[in-house]
Amino acid sequence: MFSIELINKLKQINTPFYYYDTALLHKTLMSVLEAANQYNYLIHYAIKANANEKLLRIISHYGFGADCVSGHEIKRALKCGFKKTQIVFAGVGKTDDEINYALSQDIFCINCESLQEIEIINKLALKIGKKQRIALRINPDIEAKTHVNISTGTKSAKFGLSSNELEFIISNKDSFSNLLIEGIHFHIGSQITDLNVFAHLCVKVNSVNKRLLESGFKIGHVNFGGGLGINYDDPENQIPDFKKYFAIFNKNFVHTINQSFHFEPGRSITGQCGILLSKVLYVKSNEKIKTIILDAGLTELLRPALYEANHKIMNLSSKGIETLYDVAGPICETTDYFGRSLKLPETKRGDLIAIFSAGAYGEVMASRYNLRSFAKKYYSSKLLDESNKLNIV
Ligand SMILES: *Cc1c(COP(=O)(O)O)cnc(C)c1O
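Because the structure is a prediction, the values reported are computed rather than measured. (Residues numbered from 1 in each chain as written. Predicted model: local features only at pLDDT ≥ 70, side-chain atom pairs only at ≥ 80, totals over all residues. Heavy atoms only, no water.)

Turning our eyes to something else, we now look at the overall build of the protein. Across its full length, the protein holds 11 helices and 16 strands. A compact globule built from 393 residues should have a C-alpha radius of gyration of about 21 Å, and the protein, at 22 Å, falls within 12% of that. Once the C-alpha set of the protein is aligned to its principal axes, its extents read approximately 70 × 40 × 40 Å. Residue burial in the protein is summarised as follows: out of 393 residues, 55% are buried. For the protein, the centre of its 47 positive side-chain charges and the centre of its 39 negative side-chain charges are spaced 3 Å apart. (Helix = DSSP H or I, 4+ residues; strand = E, 2+ residues; numbered from the N terminus. Rg over C-alpha atoms; globule rule 2.2 N^0.38 Å. Buried < 20%, exposed > 50% of the residue type's maximum accessible area, 1.4 Å probe, protein only. Lys, Arg positive; Asp, Glu negative; His and termini not counted. Charge placed at Lys NZ, Arg CZ, Asp CG, Glu CD.)

Structure follows, in C-alpha cells:
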C-alpha cells in the first residue's frame, strides 16, 4: 500500500495529519456508480461521514446527490457542487432555522422523524406559501447487528417514526396542507457487515410501501439509507462489494413502477481512502506491557474511544522483531487508545505510524479538546496540503 518513496515523503510532513488517497476514492466511486446503475438506483453520499471539501468536490463530480443532517451540511453540499434537487435532509432534531433554510433552497426532500417535526415543517411551509416534499423516516424495529452505539433502527432508538405514528399520519392524511408526502426513508445503522440485515429491512420496507400506496399516498421514492460496512481488519480490501449489496435489494424489495430508489452510503465511499499518520512520541514500559504514545489521539480519530472500534495500525519505519504493544494517544482521557496488545515491530521514538480506514468519521469528528490544533490534510495525487501551498513531491 505504501511504497518506500511515499513513506519517505510522508516522513517529512509534520504529524499528525490525514492522508487521502484520491485515486482510491475515484475507484470506489466508479465501483458504486457502476453497481447502482445496474438497477437505476440513486446515490446520495452521506456528508456526515466526511465533509472534506476536496473529497466532496470529487464525489459530486460523479453526479451523486447528498444526504445531509444539518443546515451547514446542506450549505457545504451546495458549495461543493451537489445539485439542490439531489439533496435530502434528515436528522432527528432539525431547528426552525435549518428547516427554513431547507425550504428556501428547494431541496429534493426533507426526511421527517417525528409527528411534531412534520407539523412544524407544515407550519413553516405555510408561512411562506410553499408546498414541501417530505419523506417519512420509518423506524422498522430491526437489529442492525452492529455496535450498539451505531444501531439506529430499533424501537428503543430516538430515530424515525414508529408504526403507531405512521398509522396516525395515515388517518390524518389530509391535515398537512403544505406538505407533499412523497417518500419513505429508512436507515437502520452503520458498519453493517451481515448483509442479511438488509434483506430483513426489505421485508419491512415492502410492507410500509404497500400500506402507504394502498392508503392513497403518492409515494414516489423509497430511500433505504446507508450503513454498508467496510473491512477494518484488512484495509487492503479497499472497495466494499457494492454489487452484492445492491443485488440484495434487487432480490428482496418488491419493485414498483413510478417509484425511484435511493441509497445513502457514507462510510463505504470514503472510509478506506483516508489514513491518519502519526509519529511516536514516547515508548514506555511497565511490568505488564509496553505502551506507545503517539502524537495523534482521540481528537483526530474518535472511533476507538467512542465505539470501541479497531483500526489497523502499521509502523511504516521499522522492520524490527515483533512484540506486543498498547498504542495510545496523548490526550488526558483513559479511553484514548487506538489498540491494546497489538503485535508491532520494535518501535522507537520518531517512528511513523499509519492508522488505516480513517476516511469516514475521522476528520469530521475531530475536536480541539485539550486545545490541540486541527490536523492538516494531504492528498495522494500530488501530495499537496489543503491550501495547495506545500508541494513536496
Ligand atoms: C449516517 C447516516 C447515513 C450514512 O451511514 P453510513 O453507515 O456511513 O453509510 C445515511 N443516512 C442517514 C440518515 C444517516 O444518518
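Here the focus is the domain arrangement of the protein. Accessible area lost upon the coming together of the parts serves often as the stated size of an interface. Examined at the domain level, the protein breaks down into domain 1 (4-18 + 272-379) and domain 2 (22-271). Averaged C-alpha coordinates put domain 1 and domain 2 at centres separated by 33 Å. Contacts between domain 1 and domain 2 engage 20 residues on the former and 25 residues on the latter. When domain 1 packs against domain 2, the two sides together hide about 2000 Å² of surface, and 55% of this comes from carbon and sulfur. Where domain 1 packs against domain 2, one counts zero salt bridges. (Domains from an automatic or database assignment. Contact = heavy atoms within 4.5 Å. Buried area = accessible area lost by both parts, 1.4 Å probe. Salt bridge = Lys/Arg side-chain N within 4 Å of Asp/Glu carboxyl O.)

Where helix 2 (residues 22-37) meets helix 3 (residues 53-61), the axes come as close as 10 Å, and the angle between the chain directions of the two elements is 30°. For the element pair helix 2 / helix 3, the angle class is roughly parallel. As helix 2 runs across helix 3, the sense of the crossing is right-handed. Along the contact surface, helix 2 presents Thr22, Leu25, His26 and Leu29, while helix 3 presents Leu55, Ile58 and Ile59. (Axes fitted to C-alpha atoms, helices over the stretch in contact; angles between N-to-C directions. Parallel < 35°, antiparallel > 145°, perpendicular 65-115°, else oblique. Left-handed = near helix turned anticlockwise from the far one by under 90°.)

Where helix 4 (residues 71-79) meets helix 5 (residues 96-105), the closest approach of the two axes is 9 Å, and the angle between their N-to-C directions is 30°. As judged from the angle between their axes, helix 4 and helix 5 are roughly parallel. When helix 4 is examined against helix 5, the residues Gly71, Ile74, Lys75 and Leu78 are found in contact with a partner set consisting of Glu98, Tyr101, Ala102 and Gln105. Taken together, the residues of the contact of helix 4 with helix 5 sort by class into four nonpolar, two polar and two charged. (Nonpolar A, V, L, I, M, F, W, Y, C, P; charged D, E, K, R; others polar.)

Here cysteine 332 is to be found in the loop between strand 13 (322-328) and strand 14 (337-345). Note on cysteine 332: relative accessible area 63%, which makes it exposed. A C-alpha to C-alpha distance of 47 Å links cysteine 332 and lysine 123, two positions 209 residues apart in sequence. Not counting residues up to four positions away in its chain, the partners in contact with cysteine 332 are Tyr369 and Asn370.

Residue proline 16 is bonded to the preceding threonine 15 through a cis peptide linkage, with omega at -5°. Not every positive phi belongs to a glycine, and aspartate 106 is a case in point at roughly 60°. On the secondary structure map, aspartate 106 appears in the loop between helix 5 and strand 5 (109-112). Backbone geometry places serine 357, a non-glycine residue, at a positive phi of 55°. Here serine 357 lies in the loop between strand 15 (352-355) and strand 16 (376-379). On the accessibility criterion, serine 357 (1% relative accessible area) is buried.

A separate point is the site of the ligand. Taken together, 14 residues are adjacent to the ligand, and Lys48, Ser190, Glu264, Arg267 and Tyr361 come closest. The separation between an oxygen atom of the ligand and a polar main-chain atom of glycine 266 is 2.9 Å. For the ligand, an oxygen atom lies 2.6 Å from a polar atom in the side chain of tyrosine 361. For the ligand, whose unbound accessible area comes to 390 Å², protein coverage reaches 95%. (Near = heavy atom within 4 Å. Polar contact = N/O pair within 3.5 Å; in protein donor to acceptor, adjacent residues only side chain to side chain. Areas by Shrake-Rupley, 256 points an atom, 1.4 Å probe, with all protein chains shown as cover.)

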